[in-house]
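Analysis of the macromolecular model
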Amino acid sequence: MPVRKDDEVSVVRGTYKGREGKVIQCYRKKWVIHIDRITREKQSGATVQVGIHPSKCVITKLKLDKDRKAILERKNKEAKSAKGKGKFTEQDVAMADVD
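The present account deals with the structure reproduced in this document. Nothing here was measured: the structure is a model prediction, and the numbers come from that model.

Here we take up the overall build of the chain. Across its full length, the chain holds 2 helices and 5 strands. The order of α-helices and β-strands along the chain, N terminus first, is β-β-β-β-β-α-α. The globule rule puts the C-alpha radius of gyration for 99 residues at 13 Å, and the 22 Å found for the chain is more than 25% above it. For the chain, the C-alpha atoms occupy an extent of roughly 80 × 30 × 20 Å along the three principal directions. The buried share among the 99 residues of the chain stands at 16%.

Laid out in C-alpha cells, this is it:
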C-alpha cells in the first residue's frame with residue numbers, strides 16, 4: 001500500500017528510528033515524506049521538516065477512503081482465493097497411492 005498524506009507511520013530505520021507521527025507531505029520528486037514532530041533546527045534557529053524515505057517507515061494507521069477500501073477488499077479476495085491454489089491435500093496424496 002502506498003504511503004500518502006494523513007496516514008500514520010512509524011520510522012523503523014535511521015536516526016529517527018522508533019518515532020511515530022502523521023504524514024504531512026509526500027514529496028514525490030525527492031522520494032521522501034515529511035512527518036509531523038520530526039524536525040530539526042537550522043543554523044539560523046528556524047525549524048524545518050526532515051525528509052524520510054518511505055521504505056524506512058511502516059504504516060500504522062491508514063486514512064481510509066472509498067478507493068483504499070476497494071484496494072484492501074480486492075487484496076483480501078485474492079489472498080483468500082489463492083490460499084488453496086496449487087496445494088495438495090492429504091486426500092489427494094492418498095488417492096495417488098491407490099493407482
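Before going further, it helps to spend a moment on a nonpolar patch on the surface. Taken together, Met1, Leu64 and Leu72 make up a surface patch of nonpolar side chains, about 230 Å² in accessible area. You can see Leu72 is positioned in helix 1 (residues 66–81). Judged by relative accessible area, which is 34%, Leu72 ranks as partly exposed.

Below, the discussion takes up the side chain of Arg68. With respect to the secondary-structure elements, Arg68 resides in helix 1. Of note is the side chain of Arg68, whose polar atom sits 2.7 Å from the side chain of Asp7. Polar contacts involving the side chain of Arg68 include one to the main-chain carbonyl oxygen of Lys63, which spans 3.4 Å. Sequence-distant contacts of Arg68, defined by excluding residues within four places in its chain, comprise Met1, Pro2, Val3, Arg4, Asp7, Leu62 and Lys63.

Applying the stated criterion across every chain yields a total of 0 aromatic pairs. The aromatic ring of Tyr27 is capped on one face by Lys30, whose charged end is 5.1 Å from the ring centroid.

Below, the discussion takes up the state of the cysteines. Evaluation of the coordinates by the stated rule reveals 0 disulfides. Here Cys26 is not disulfide-linked; the sulfur of Cys57 is the nearest cysteine sulfur, at 10 Å. Given the relative accessible area of 30%, Cys26 is considered partly exposed.

Rules and cut-offs
- Residues numbered from 1 in each chain as written.
- Predicted model: local features only at pLDDT ≥ 70, side-chain atom pairs only at ≥ 80, totals over all residues.
- Heavy atoms only, no water.
- Helix = DSSP H or I, 4+ residues; strand = E, 2+ residues; numbered from the N terminus.
- Rg over C-alpha atoms; globule rule 2.2 N^0.38 Å.
- Buried < 20%, exposed > 50% of the residue type's maximum accessible area, 1.4 Å probe, protein only.
- Patch = residues over 30% accessible without salt bridge, like charges linked within 9 Å, V, L, I, M, F, W, Y side chains within 5 Å.
- Areas by Shrake-Rupley, 256 points an atom, 1.4 Å probe, with all protein chains shown as cover.
- Salt bridge = Lys/Arg side-chain N within 4 Å of Asp/Glu carboxyl O.
- Polar contact = N/O pair within 3.5 Å; in protein donor to acceptor, adjacent residues only side chain to side chain.
- Contact = heavy atoms within 4.5 Å.
- Phe/Tyr/Trp six-rings, centres within 6.5 Å; stacked < 30°, edge-to-face > 60°.
- Lys NZ or Arg CZ within 6 Å of the ring centre and 35° of its normal.
- Disulfide = S-S within 2.5 Å.

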